[in-house]
Amino acid sequence: MGETSAVKQSSMTSPLEVLWDWGYEIEQDKLDKLYEKAKRDQWNASVDIDWSVGVDPGGKILDESRMAFLQLDFFKKLSASQREDLNAHYSAYILSQILHGEQGALMVAGQLVSEVPDYEAKLYSASQAMDEARHVEVFGKYIRKLDKIYPVTEPLYEILQEILEAEKWQAKTVGMQVMIEGLALASFINVRASTGCSLLRQLLEYVTKDEARHVAFGNLYLTESISQMHPDDRAEIEDFTLMMTRKFLAWRRGPDGMKGFEWVLEDVGIDPADFVAALHVELSNGFKMDATPGSVHSFRGLIMPGIIRAGLVSDRVRPGYEEAKIKLFSDVTLLEELEASGQVA
Ligand SMILES: [Fe+2]
Ligand SMILES: [Fe+2]
């Protein structure tokens, strides 16, 4: 996957446990509250968003100052129109990865309807599936107005595959609601605040609200469930979480994050080999590739605190985090705010 834009469909196989809840009783009040919020805040993407607003590809879709490698001299030397062209394609490429993540979230939510053991969690997951359907709808529509849909990159596809193929719902929830949606939520907040495109800002306002609920649900339900798991099952989720955290950080902070960027370069008429050569020179001259803004914040404020509070960094797996130099951020302030209100301030 990844380099083949011609691929229209692909498949993977997932074990899916189907659990019935014959009690039909609400036992977890906090989950029920999130479900009530989800029903109250449903929106219709074709009616509530004003699609007549145009998208100016030359407008500031994503803020250049937030894109670490656009600060390279290699790009600063481009003409204004070349930079605009690059920004438009690059924005479409990033938003396309978000679109693919949304499709993954849609399918994970569908899986969770079957796999979660509790009635109120099934209702909630069904509402999340509807939310994700809307997100796929709006991002797909927006990107086509801007440019074209770029293929999924290999590292993102691998992460989504791990989540979709995981056997236990707790693993899916760590991967999707805690990690991918934690990242998405922080990115949406950042992009909404910095984009020059009013249509994108408009749709992100709706999507961010939904995403905040998803992150709150995943973290609350996971924390509750992990505390009651059999030690063997729990160890399995701990290992999965460590493996995913490593993959996630390699994707966000390492060279993996550049995968697929060559498609953008080719589309603006830059030879990717020239870019790589210039990158090496500038890196050796001291250019620092800082982490994508927003990702640090999500990892520090939502993802790692969620993983730790759920009890997934046991003494058994802690050395694995230390060895990989993963910082164990544990301040749950932001997460708890989110869970209490189901929204972002
Ligand atoms: Fe979503
Ligand atoms: Fe979501």
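Residues numbered from 1 in each chain as written. Chains lettered and ligands numbered in written order. Predicted model: local features only at pLDDT ≥ 70, side-chain atom pairs only at ≥ 80, totals over all residues. Heavy atoms only, no water.

K.L.:
Teacher, can you tell me more about the coordination of the iron ion (ligand 1) here?
P.N.:
When a metal carries six donors in an octahedron, the ideal angles between them are 90 or 180 degrees, while four donors in a tetrahedron ideally lie at 109.5 degrees. Coordination sphere of the iron ion (ligand 1), protein contribution only: E102 (OE), E132 (OE), H135 (ND1) and E211 (OE), at 2.0 to 2.2 Å. Around the iron ion (ligand 1), the four donor atoms sit at angles spanning 87 to 140 degrees, and that spread fits a shape best called irregular. In this structure the iron ion (ligand 2) is found 3.0 Å away from the iron ion (ligand 1), and E132 serves as a bridging donor for the pair. Of the two residues, H135 is situated in helix α5 (residues 119-146) and E211 in helix α8 (residues 198-226); the sequence distance between them amounts to 76 residues. You can call E211 buried: its relative accessible area is 1%. (Donors = N, O, S within 2.8 Å, 3.2 Å for Na, K, Ca; no water. Tetrahedral: all angles 85-135°; square planar, octahedral: opposite > 155°, others 65-115°. Helix = DSSP H or I, 4+ residues; strand = E, 2+ residues; numbered from the N terminus. Buried < 20%, exposed > 50% of the residue type's maximum accessible area, 1.4 Å probe, protein only.)

K.L.:
What is the right way to read the packing of aromatic side chains from this model?
P.N.:
Two aromatic rings, taken as a pair, are described by how far apart their centres are and by the angle between their planes. Under the counting rule described, the total for this entry stands at 19 aromatic pairs. Seen in terms of ring centroids, F217 and Y221 are 5.5 Å apart; in terms of plane orientation they differ by 35 degrees. Their pairing is tilted. With F217 and Y221 both in helix α8 and four residues apart, this pair spans about one turn of that helix. The residues F217 and Y221 share a single accessibility class, namely buried. (Phe/Tyr/Trp six-rings, centres within 6.5 Å; stacked < 30°, edge-to-face > 60°.)

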